[in-house]
Amino acid sequence: MNPNHHKPILLTFFTLLLQLPNPFNASPSPPITALYAFGDSTVDSGNNNYIPTLFQSNHPPYGSSFPSKLSTGRFSDGKLATDFIASSLALKPTLPAYLNPSVKPVDLLTGVSFASAGGGLDDQTAMMSLTLTMDKQWSYFEEAVGKMKSVVGDSETNRVIKDALFVISAGTNDMIYNVYDHVLGRVISVSDYQDYLLSKVEAFIQRLHDAGARRITVAGLPPIGCLPVQVTIGTVTIPRIFHHRICTENQNADSRLYNQKLQKLNFRLSQRLRDSKILYLDIYTPLMDMIKHPHRYGLEETLKGCCGTGLLEAGPLCKPLSRTCEDVSKYMFFDSVHPSQKAYSVIATYALLKLFPLL
């Protein structure tokens, strides 16, 4: 392996580090006890393996970079950002899916993912994809709390929840299914639909707070217009189809607007729920930095996926016999929607540097 292979990433991480206030004062007090994730495929460790939906990735070539090359149901070639965060917090090597039968009640005490690929903040999104709604994910969390109490009792379970880190990552599917690619066309303004989604975020944060959660992070939207599938759809009217791939700027502008609204919501909730830390998890910035400056990260392709043509394939269309790129570490996306393990590692590092000192 080239000894300089990771230098661009390390230099970029160091640059980020220098830009952050007191980056080395990064030990939360009290220590984080567990990591619990809710949302969509960006944090689904494989829950969809155990429900009847087409939105599954428990087959090759998914998992090609995961330990033992296991296709775990993660929509990537390897680990997700939540896996990297869990290991960085010394909680566990990877964050398991709650519905995985191998997960025991004692495992719940250090965290699991309740997320479901294809889902969203809007119940209609999950219903279209036959995946877990946020309400269903919540009911599984309540079930998990009961299991934890049966192992360590009420008091210890409450302490674990109080000092745990909760991650909510959803919204992209909502915008794609219900605004951009809706078969009936747009039925609501972008801004109004964003406000509806944010009302769902607010209600879910309130639920978490009522259940004892005090450290909550909410991921913003990525640059949706730069997802390979959206680039493909956006370039079909350009002459010499697929030869000139560019991001769909209006969708990126929508993402930025949503993220601004989310940050304001988090601030308002932090003011109201003063005993809590409700933080914005910025995924837009690191993803755009990878797109604008790929060579800093050792990347060569940022607007196509590694699987198949890289233009449209994802989930069931990214099949065991699909051809894949020669070196996935040079790709920002593994399929036409989901980041590669390389990209997720960048997002996780950025998140830890940005948020860890605030927890």
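Residues numbered from 1 in each chain as written. Predicted model: local features only at pLDDT ≥ 70, side-chain atom pairs only at ≥ 80, totals over all residues. Heavy atoms only, no water.

Engineer: I'd love a proper account of helix H2 (residues 81-88), names of residues and values included.
Structural biologist: Burial within H2 is extensive, with six of its eight residues counted as buried. Just beyond H2, the residue with positive phi is Ala90, at close to 60°. (Buried < 20%, exposed > 50% of the residue type's maximum accessible area, 1.4 Å probe, protein only. Helix = DSSP H or I, 4+ residues; strand = E, 2+ residues; numbered from the N terminus.)

Engineer: Lay out the nonpolar core with the relevant residues and their values.
Structural biologist: Counting 93 residues, the largest nonpolar core has Tyr36 and Phe166 as its most contacted members. In terms of residue count, helix H4 (residues 134-163) provides more of this core than any other element does, nine residues in total. Contacts of Phe166, omitting those with residues within four sequence positions, involve Tyr36, Phe38, Phe141, Ile161, Leu208, Ala213, Arg215, Ile216 and Thr217. (Core = buried A, V, L, I, M, F, W, Y, C linked by side-chain atoms within 4.5 Å. Contact = heavy atoms within 4.5 Å.)

Engineer: Quick one: what's the story with the pattern of salt bridges, residue by residue and with numbers?
Structural biologist: Between side chains of opposite charge, a pair can form as their charged atoms come close. For the structure shown, the criterion picks out 11 salt bridges. For Arg207, the salt bridge identified is with Asp135, shortest N-O distance 3.1 Å. Here Arg207, found in helix H6 (residues 190-210), pairs with Asp135, found in helix H4; they are 72 residues apart in sequence, far enough to count as distant. Its salt-bridge partner being Arg159, residue Asp163 comes within 4.0 Å of it at the nearest N-O pair. Pair noted here: Asp163 and Arg159 are both in helix H4, with a separation of four residues, about one helical turn. The exposure class of Asp163 is buried, given its relative accessible area of 8%. Relative accessible area serves as the criterion here: at 39%, Arg159 is assigned to the partly exposed category. (Salt bridge = Lys/Arg side-chain N within 4 Å of Asp/Glu carboxyl O.)

Engineer: Describe the side chain of Ser57, naming the residues involved and giving the relevant values.
Structural biologist: Take Ser57: it is sitting in the loop between strand E1 (35-39) and H2. Ser57 gets classed as buried once you look at its relative accessible area, which sits at 1%. Of note is the side chain of Ser57, whose polar atom sits 2.8 Å from the backbone oxygen of Gly73. At 3.1 Å, the side chain of Ser57 and the backbone oxygen of Arg74 are in polar contact. Once residues within four sequence positions are removed from consideration, Ser57 is found in contact with Tyr62, Ser71, Gly73, Arg74 and Phe75. (Polar contact = N/O pair within 3.5 Å; in protein donor to acceptor, adjacent residues only side chain to side chain.)

Engineer: Account for a nonpolar patch on the surface, with residues named and values stated.
Structural biologist: Where nonpolar side chains cluster on the molecular surface, the patch consists of Val106, Val151 and Val152 and spans about 210 Å² of accessible area. Assignment of secondary structure puts Val151 in helix H4. Taking the relative accessible area as the measure of exposure, Val151 reaches 41% and is therefore partly exposed. (Patch = residues over 30% accessible without salt bridge, like charges linked within 9 Å, V, L, I, M, F, W, Y side chains within 5 Å. Areas by Shrake-Rupley, 256 points an atom, 1.4 Å probe, with all protein chains shown as cover.)

Engineer: Tell me about the environment of Asn250, residues and numbers included.
Structural biologist: Structurally, Asn250 can be placed in helix H8 (residues 249-272). For the pair formed by Asn250 and Pro223, sequence separation is 27 residues and the distance between their alpha carbons is 9.9 Å.

Engineer: How would you sum up the pairing of strand E5 (residues 277-281)? Please name residues and give values.
Structural biologist: If a strand is regular, its side chains alternate between the two faces of the sheet. Burial analysis of E5 places four of its five residues in the buried class, the great majority of the element. Taken together, the five bridges between strand E4 (residues 215-219) and E5 define a ladder with parallel strand orientation. Following the sheet pairing, Ile216 is matched in E5 by Ile278. (Pairing = 2+ DSSP bridges.)

Engineer: Now, about the packing of helix H5 (residues 172-180) against H6: what can you tell me, with residues and values included?
Structural biologist: A pair of packed helices is characterised by two quantities: the angle between their axes and the separation of those axes. Put simply, H5 and H6 touch, their axes get as near as 11 Å, and they point 140° apart. By the angle between their directions, the pair H5 and H6 is classed as oblique. Note on packing geometry: the crossing formed by H5 with H6 is right-handed. Between H5 and H6, the residues in contact are Asp174, Met175, Asn178 and Val179 and Val190, Tyr193, Gln194 and Leu197, respectively. For the contact of H5 with H6, the residue count by class is five nonpolar, two polar and one charged. (Axes fitted to C-alpha atoms, helices over the stretch in contact; angles between N-to-C directions. Parallel < 35°, antiparallel > 145°, perpendicular 65-115°, else oblique. Left-handed = near helix turned anticlockwise from the far one by under 90°. Nonpolar A, V, L, I, M, F, W, Y, C, P; charged D, E, K, R; others polar.)

Engineer: Any chance you could break down the environment of Val346 for me, citing the residues and the numbers?
Structural biologist: Residue position: Val346 is located in helix H10 (residues 341-355). Separated by 63 residues in the primary sequence, Val346 and Ile283 place their C-alpha atoms 9.6 Å from one another.

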